[in-house]
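Summary of structural features
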Amino acid sequence: GVVDCAPRYMNRIERSFIRPLPAIKIIYKPLFRRYRLRRPRRSYVSPAEFRENLTDYYQRAATLGTDVYSIVVAPPSSLFIEANPKIEQEVLRYNEIYRTVADQYDHVYILDPYEQISNVNSIMIDHEHPNDHGHDLIHESVSSVLSDIC
């Protein structure tokens with residue numbers, strides 16, 4: 001989701017070093033935020049890993065003869081973009097990976113419950129979580145597809 005593709009201040013090794021040491025965290029976290037830019041290369045899941053994970057999952061589903069319905073990464077709210085200016089381009093990049101990998105399989109379907117939304121802030125409760133209306137959109141999108149196949 002959006003948290004996985006968000007550009008970060010620290011890579012995994014740096015985070016694992018700082019996280020268990022509260023005193024160091026207090027000192028270094030503000031320094032990282034002040035002097036270091038968020039970089040896509042420090043996201044939780046790199047684009048290459050994301051593509052690899054999707055490919056692996058879709059191939060395993062194909063082996064089992066199972067259809068897969070994937071929901072795209074939600075567009076970021078203005079609060080999220082303000083806090084992390086590169087998030088918008090990263091969400092587009094990861095959603096393009098979804099579509100590109102899915103196009104290679106007949107049993108994979110991409111759902112985009114957000115495509116008709118002109119104001120993403122109206123469906124978000126905070127940076128990355130949908131509000132009731134957002135959940136309704138996701139529910140309608142999934143229900144529509146499930147009712148067609150059942």
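Treat the numbers as computed from the prediction; the structure is a model and nothing was measured.

Our focus in this paragraph is the overall build of the protein chain. Regarding its fold elements, the protein chain presents seven helices and two strands. Of all 150 residues assigned to the protein chain, the portion counted as buried reaches 35%. Excluding contacts between residues fewer than 6 apart, the proportion of contacts in the protein chain whose partners are at least 24 apart in sequence is 73%. Surface exposure of the protein chain reaches about 9600 Å², of which carbon and sulfur atoms provide 54%. Distance between charge centres in the protein chain, computed from 18 positive and 20 negative side chains, equals 17 Å.

Next up on the list: the confidence of the model for the protein chain. When pLDDT is averaged across the protein chain, the result is 87; 99% of the residues are at 70 or more. Model confidence for the protein chain, summarised as mean pLDDT per element, is weakest for helix α3 (residues 22-35) at 74 and strongest for helix α4 (residues 47-64) at 96.

To continue, consider the packing of α4 against helix α6 (residues 87-102). In contact at an axis separation of 10 Å, α4 and α6 are set at 30° when each is read in the N-to-C sense. Judged by the inter-axis angle, α4 sits roughly parallel to α6. When you trace α4 past α6, the crossing you get is right-handed. Side by side, α4 and α6 meet where Pro47, Phe50, Arg51, Leu54, Thr55 and Tyr58 of the first sit next to Arg93, Tyr94, Ile97, Tyr98, Thr100, Val101 and Ala102 of the second. Taken together, the residues of the contact of α4 with α6 sort by class into nine nonpolar, two polar and two charged.

Time to look at the side chain of Asn131. As for its placement among the helices and strands, Asn131 is situated in the loop between β2 (108-111) and α7 (132-149). Among the polar contacts listed, one links the side chain of Asn131 to the backbone oxygen of Ser122, at a separation of 3.0 Å. Polar contacts involving the side chain of Asn131 include one to the main-chain amide nitrogen of Gly134, which spans 2.8 Å. When neighbours within four sequence positions are excluded, Asn131 is seen to be in contact with Ser122, Ile123, Met124 and Ile125.

Following the sequence through the fold, Asn95 ends up in helix α6. Those residues in contact with Asn95 that sit more than four places away from it in its chain are Val72 and Val73.

The tally for this structure, following the rule as stated, stands at three salt bridges. A salt bridge links Arg60 to Asp56; its shortest N-O distance comes to 3.2 Å. A residue pair is termed a helical-turn pair when its members lie 3 or 4 positions apart in one helix, as Arg60 and Asp56 do in helix α4 at four residues. With relative accessibility at 46%, the residue Arg60 sits in the partly exposed group. Put simply, Asp112 and Arg99 hold a salt bridge, and the shortest N to O gap is 3.1 Å. With Asp112 in the loop between β2 and α7 and Arg99 in helix α6, the pair connects residues that are 13 residues apart, well separated along the chain. Given the relative accessible area of 30%, Arg99 is considered partly exposed.

The biggest cluster of nonpolar side chains holds 20 residues, and the ones touching the most others in it are Phe50, Leu54, Tyr58 and Ile87. Looking at this core, the elements that each hand over two or more residues are α1 (2-5), α4 and α6. With near-sequence residues (within four places) excluded, Phe50 lies in contact with Val45, Tyr94, Ile97 and Tyr98. Counting eight residues, the second-largest nonpolar core is a separate cluster that includes Val72, Ile123, Met124 and Ile138.

Reading guide: rules and limits
- Residues numbered from 1 in each chain as written.
- Predicted model: local features only at pLDDT ≥ 70, side-chain atom pairs only at ≥ 80, totals over all residues.
- Heavy atoms only, no water.
- Helix = DSSP H or I, 4+ residues; strand = E, 2+ residues; numbered from the N terminus.
- Buried < 20%, exposed > 50% of the residue type's maximum accessible area, 1.4 Å probe, protein only.
- Contact = heavy atoms within 4.5 Å.
- Areas by Shrake-Rupley, 256 points an atom, 1.4 Å probe, with all protein chains shown as cover.
- Lys, Arg positive; Asp, Glu negative; His and termini not counted.
- Charge placed at Lys NZ, Arg CZ, Asp CG, Glu CD.
- pLDDT = per-residue confidence, 0-100.
- Axes fitted to C-alpha atoms, helices over the stretch in contact; angles between N-to-C directions.
- Parallel < 35°, antiparallel > 145°, perpendicular 65-115°, else oblique.
- Left-handed = near helix turned anticlockwise from the far one by under 90°.
- Nonpolar A, V, L, I, M, F, W, Y, C, P; charged D, E, K, R; others polar.
- Polar contact = N/O pair within 3.5 Å; in protein donor to acceptor, adjacent residues only side chain to side chain.
- Salt bridge = Lys/Arg side-chain N within 4 Å of Asp/Glu carboxyl O.
- Core = buried A, V, L, I, M, F, W, Y, C linked by side-chain atoms within 4.5 Å.

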